[in-house]
Amino acid sequence: MKRKWDKAEESYFGIGIYQPKTWDNIGTLWRTAYIYGASFIFVIGARYKKKSSDVLKVWSKIPLFQYATLESFLDCVPYSCQLVGIEMGDKSIPIKAYQHPSRAIYILGSEDAGLPNALSNKCHDLIVLPGETSLNVAVAGSITIFDRVNKGSK
Ligand SMILES: C[S@@+](CC[C@H](N)C(=O)[O-])C[C@H]1O[C@@H](n2cnc3c(N)ncnc32)[C@H](O)[C@@H]1O
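(A) Inspection of the site of the ligand at higher detail. In the vicinity of the ligand there are 18 residues, among which Ile 86, Glu 87, Gly 109, Leu 129 and Leu 135 approach most closely. Asp 112 is positioned such that a nitrogen or oxygen atom in its backbone is 3.2 Å from a nitrogen atom of the ligand. In the complex, 82% of the free accessible area of the ligand, which totals 580 Å², lies under the protein chains. Taking a 2 Å distance to the grid points as the criterion, the majority of the atoms of the ligand fall inside the largest pocket. Sorting the residues of the shell around the ligand by element identifies β7 (125-128) and α4 (137-151) as the ones contributing at least two each. Looking at the shell around the ligand residue by residue, the classes come out as 11 nonpolar, four polar and three charged.

(B) Examining unusual backbone geometry more closely. Within the chain, Gln 19 stands out as a residue other than glycine whose phi angle is a positive 50°. Checked against the element boundaries, Gln 19 lands in the loop between β1 (12-18) and α1 (23-35). By relative accessible area, which is 30% here, Gln 19 ends up partly exposed.

(C) View of the packing of aromatic side chains. In total, this model carries eight aromatic pairs according to the counting rule given. Their ring planes at 80° and their centres at 6.2 Å tell us that Trp 23 and Trp 30 sit as a pair that is edge-to-face. Like Trp 23, the residue Trp 30 is buried in the burial classification. Among the aromatic residues, those joined into a cluster by ring pairs are Phe 40, Phe 42, Phe 65, Tyr 67 and Phe 73.

(D) Main features of a nonpolar patch on the surface. A surface patch of nonpolar side chains, amounting to about 450 Å² of accessible area, comprises Tyr 34, Ile 35, Tyr 36, Phe 146 and Val 149. When contributions to the nonpolar patch are tallied by element, the ones reaching two or more residues are α1 and α4. Mapped onto the fold, Tyr 36 is located in the loop between α1 and β2 (40-44). With relative accessibility at 39%, the residue Tyr 36 sits in the partly exposed group.

Cut-off values and rules
Residues numbered from 1 in each chain as written. Predicted model: local features only at pLDDT ≥ 70, side-chain atom pairs only at ≥ 80, totals over all residues. Heavy atoms only, no water. Near = heavy atom within 4 Å. Polar contact = N/O pair within 3.5 Å; in protein donor to acceptor, adjacent residues only side chain to side chain. Areas by Shrake-Rupley, 256 points an atom, 1.4 Å probe, with all protein chains shown as cover. 1 Å grid on protein atoms, 1.4 Å probe; cavity = no way out; pocket = protein on both sides within 12 Å on 5 of 7 lines; lining within 4 Å. Sits in = over half its atoms within 2 Å of the grid points. Helix = DSSP H or I, 4+ residues; strand = E, 2+ residues; numbered from the N terminus. Nonpolar A, V, L, I, M, F, W, Y, C, P; charged D, E, K, R; others polar. Buried < 20%, exposed > 50% of the residue type's maximum accessible area, 1.4 Å probe, protein only. Phe/Tyr/Trp six-rings, centres within 6.5 Å; stacked < 30°, edge-to-face > 60°. Patch = residues over 30% accessible without salt bridge, like charges linked within 9 Å, V, L, I, M, F, W, Y side chains within 5 Å. Salt bridge = Lys/Arg side-chain N within 4 Å of Asp/Glu carboxyl O.

Structure (structure tokens):
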């Protein structure tokens, strides 16, 4: 039986942080991700100490994948899914003009060091949010998720 899929049925997104330092930022991002429809979140090479202040029990709603290394993360990027780096820089597209891909994994840099070149070089796109100085990492991720939900994906 042939079936025509709706565009919305062919899209999903996940979001994560490279080498995050604080559990609070992961918790904040996880909550936004769950509420606004992410399929998963992830961390790569995490440095945080886990805390348990999660009122929504988001761990029971969408999974947190934990990759030990950048290589193990890159090995797991799904077929036909684009990696979108969220980072300030000359090569980054202003989010206002950005059309989000149907299937995307968004990746943020750590609180202290940002996204390393080894990772940003692997991204299909890099996007930047407005502001002269950097935002908190969970705020930057949450605004990006909201932009995707607000605009939809291509
Ligand atoms: C606190 S910032 C890192 C700042 C770091 N000290 C640096 O200068 O690279 C943490 C992460 O938040 C995200 N971020 C913060 N502000 C952003 C902005 N205006 N546009 C895009 N990403 C942003 C990026 O992923 C960044 O790596």
